[in-house]
Amino acid sequence: MSKESNESSKEDLDKDEMENSAQPSEEMIRKRMRRNTPSPHRLTPQSSPPKFVSVEELMETAKGVTNMALAHEIVTNSSFEVKPFEPEEGSLEKWVKDIMHKAFWDCLEAQLNENPPSYSHAIRLVGEIKETLLSCLLPSHSRLRGQIEEVLDLSLIQQEAENGALDISKVALFIIDMMATFCAPCRDEEVKRLREITDVVPLFKSIFAVLDKMKIDMANFTVGSLRPHLLQQSVEYERKKFQEFLEKQPNALDFTKKWLQSTADYVTSGQVEGGATSTPNSAQLPLTVHNHAYLRLLKWDYDTESFPETVLMDQCRFQEMQLELEQLALVASVLLIVYNSAGEAISGLPGLMDRLKKTIKILVAEMHTPSFKDDEAFATIGEKMCLELRECLSQHGFSPFSTGRESTLKGQIIAAKSADNPIRKVIDSRIHTYLLGFLESSTNKSAPVLPGGLGPISKELEEIGVKLRRLVTFNKLVYSPFYQKILQEVLAQGERADV
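Residues numbered from 1 in each chain as written. Predicted model: local features only at pLDDT ≥ 70, side-chain atom pairs only at ≥ 80, totals over all residues. Heavy atoms only, no water.

With respect to the overall build of the protein
- The number of helices and strands found in the protein is 17 helices and zero strands.
- Counting across all 499 residues of the protein, residues that qualify as buried make up 42%.
- When contacts within the protein are restricted to residue pairs at least 6 apart in sequence, those whose partners lie at least 24 apart make up 74%. (Helix = DSSP H or I, 4+ residues; strand = E, 2+ residues; numbered from the N terminus. Buried < 20%, exposed > 50% of the residue type's maximum accessible area, 1.4 Å probe, protein only. Contact = heavy atoms within 4.5 Å.)

Focus on a nonpolar patch on the surface
- Together, L92, W95, V96, I99 and M100 make up an exposed nonpolar region whose accessible area comes to about 540 Å².
- By the element assignment, V96 lies in helix α3 (residues 92–112). (Patch = residues over 30% accessible without salt bridge, like charges linked within 9 Å, V, L, I, M, F, W, Y side chains within 5 Å. Areas by Shrake-Rupley, 256 points an atom, 1.4 Å probe, with all protein chains shown as cover. Salt bridge = Lys/Arg side-chain N within 4 Å of Asp/Glu carboxyl O.)

Notes on the nonpolar core
- Y294, V338, I346, I413, I431, L435 and L468 are the most contacted members of the largest nonpolar core, which totals 82 residues.
- Counting residues per element, this core draws most heavily on helix α17 (residues 458–498), at 15 residues.
- Judged by nonpolar contacts, the second largest core, of 42 residues, contains A122, I148, F182 and V201. (Core = buried A, V, L, I, M, F, W, Y, C linked by side-chain atoms within 4.5 Å.)

A word on helix α15 (residues 403–415)
- Over its 13 residues, α15 extends 18 Å from the first C-alpha to the last, a length consistent with the 18 Å expected when each residue adds 1.5 Å.
- Within α15 the residues assigned to the buried category are E406, L409 and I413. Across the axial projection of α15, the buried residues extend over an arc of 60°, all falling on one side.
- Packed against the buried residues of α15 are α12 (315–342) and α14 (374–395). (Expected span 1.5 Å × (residues − 1). Arc of directions from axis to C-beta.)

A few points about the layout of surface pockets
- The computed volume of the second largest pocket comes to approximately 610 Å³.
- A per-element tally of the lining of the second largest pocket places α3 first, with seven residues.
- For the lining of the second largest pocket, the per-class residue count stands at nine nonpolar, one polar and eight charged. (1 Å grid on protein atoms, 1.4 Å probe; cavity = no way out; pocket = protein on both sides within 12 Å on 5 of 7 lines; lining within 4 Å. Points joined across faces, edges and corners; volume = space filled by probe spheres on them. Nonpolar A, V, L, I, M, F, W, Y, C, P; charged D, E, K, R; others polar.)

A closer look at the packing of aromatic side chains
- Counted under the stated rule, the structure contains 13 aromatic pairs.
- Between F242 and F482, the aromatic rings sit 5.4 Å apart at their centres with planes inclined by 75°, giving edge-to-face as the arrangement. With F242 in helix α9 (residues 200–248) and F482 in helix α17, this pair connects stretches of sequence that are 240 residues apart.
- With a relative accessible area of 4%, F242 lands in the buried category.
- Between W300 and F307, the aromatic rings sit 5.6 Å apart at their centres with planes inclined by 80°, giving edge-to-face as the arrangement. Considered together, W300 and F307 belong to a single accessibility category, that of buried residues. (Phe/Tyr/Trp six-rings, centres within 6.5 Å; stacked < 30°, edge-to-face > 60°.)

Quick word on the pattern of salt bridges
- Tallied over the entire structure, the rule returns 18 salt bridges.
- Its salt-bridge partner being R187, residue D217 comes within 2.7 Å of it at the nearest N-O pair. On the criterion of sequence distance, the pair formed by D217 in helix α9 and R187 in the loop between α7 (168–182) and α8 (188–194) is long-range, its members being 30 residues apart.
- With relative accessibility at 12%, the residue D217 sits in the buried group.
- Overall, the relative accessible area of 16% leaves R187 in the buried class.
- A salt bridge links R296 to E305; its shortest N-O distance comes to 3.3 Å.
- On the basis of relative accessibility, which here comes to 29%, the residue E305 falls in the partly exposed class.

Section: the confidence of the model for the protein
- Here the protein shows a mean pLDDT of 80. Residues at 70 or above account for 81%.
- Within the model, the stretch residues 1–59 combines pLDDT values under 50 with 111 contacts to residues more than four positions away or in other chains. (pLDDT = per-residue confidence, 0-100.)

Quick word on the packing of helix α5 (residues 142–151) against α7
- For the pair α5 and α7, interaxial distance at closest approach is 11 Å and the crossing angle is 165°. By the angle between their axes, α5 is roughly antiparallel relative to α7. Here α5 runs over α7; the crossing is left-handed. Within the contact between the two elements, α5 uses L144, Q147, I148 and V151 and α7 uses F174, M178, T181 and F182.
- Taken together, the residues of the contact of α5 with α7 break down into six nonpolar, two polar and no charged. (Axes fitted to C-alpha atoms, helices over the stretch in contact; angles between N-to-C directions. Parallel < 35°, antiparallel > 145°, perpendicular 65-115°, else oblique. Left-handed = near helix turned anticlockwise from the far one by under 90°.)

Observations concerning the environment of A219
- Of note, A219 is situated in helix α9.
- Separated by 137 residues in sequence, A219 and V82 place their C-alpha atoms 6.7 Å apart.

Considering the environment of K240
- Counting through the fold element by element, K240 comes out in helix α9.
- Separated by 239 residues in the primary sequence, K240 and Y479 place their C-alpha atoms 9.9 Å from one another.

Let's talk about unusual backbone geometry
- The omega torsion of the bond from N115 to P116 falls at 0°, within 30 degrees of zero and hence cis.
- In this fold, P116 is placed in the loop between α3 and α4 (120–135).

Considerations on the packing of α12 against helix α13 (residues 352–363)
- Their axes nearest at 10 Å, the elements α12 and α13 cross at an angle of 135°. It follows that α12 is oblique to α13 by the angle criterion. The chirality of how α12 crosses α13 is right-handed. Every residue of α13 that contacts α12 at Q327, V331, V334, L335, V338 and Y339 is listed here: L352, M353, L356, K357, I360 and K361.
- Among the residues making up the contact of α12 with α13, the classes are represented as nine nonpolar, one polar and two charged.

What about the state of the cysteines?
- In this structure the tally under the stated criterion is zero disulfides.
- As a non-bridged cysteine, C186 has C183 as the owner of its nearest cysteine sulfur, 7.6 Å distant. (Disulfide = S-S within 2.5 Å.)

Some thoughts on the environment of L325
- Checked against the element boundaries, L325 lands in helix α12.
- Along the backbone, L325 and I457 are 132 residues apart, and their C-alpha atoms lie at a distance of 9.9 Å.

Below is the structure:
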């Protein structure tokens, strides 16, 4: 961050540690927590009698949950960044902010234009700038701290102003020199442009604008420095915070119990994904139930089921993976239909698979939006696939498809839009098996064997599998005491019911 401290601290996290795509601010995390917290109006399973708590306890609990969510985001998302907050254009907050800022800068300009100039506003600004500069320093910057304290001595500056000896431009130049000394390299050009501003009011406005960015830079530098240390303590920290929350809200594991109970019923019934009928042995049963429970989160019905409390902070990540998997299953299904229909005529042709895959992905990109019309989209996919095959077969000297054969292919592609389509079900089952392999080999860095038919989407599936394994491994570490207790109770009940 600072040029005196050389390079900023690099992350010690392994590339296989927690990550995620999004770059949420703390405010976004709060919104995510509010959005994902189960509604009190939903039906909940029977639990302990309600425990009445004070408003102060609830506020403290909410603060703890929010802090836990922020720490979780920092640890699991290597791309996490603090973002500056800006009110929305046209909002009342934006309007009030603009009016207040304009009034302040107009007042400063009026004071400086007085004869003799008045510096009360300017000195107050210098005081704020001084505090900001000091806050951006690292503990090792003792020399710079001393320089700032000496030159930006407000009592001395006040005396100079009262005696008509204050050179505000000289003060501003020192501030710019300090900013240039320890700003991030990405701010060098912005700081350099400050030297080109000659009018005092525009200069101070620009100084504050750059300082605001420097504060964000320092916050993100601090986050990056803390992440390796936070990772070491995050398991204990999140477990402790959740335990505190559980003590105030005894029913805070109701949805988790329901999730594990329904998964146990599903696994012990012998009808697991892919049609297998074998039940795992008793020693492996808790782990098997737990792994299948996580896979169920990738097919979660958010309209009818409340998300388990222990994975609530990762709900958005599971939703994103679920939507991506649905799209990939469609892509793989259509390609399987196309290649089964064309046979060896197109097998192994360079570039064809990628072209077909790209076309399908473009046409189903909006499949989860309200405006998506699946009938039109799949009819278009059928037309595009037939067109590509027609050109490809012609180029390589094969006979083109007959009209009837093209109609059959289009019909098969349109049928693939249904989740009950046999080919879709086969692809879904194989994806499930593949992802289960990641969870069952959580200590193995290599990917499991890829089932047939998933070759075209192998790269995307592996990325999802790695991401899923990271989330699950971390979640198990944090909540293992709670899970062990619940699984013991659930499986014991199942054994008693079988007697």
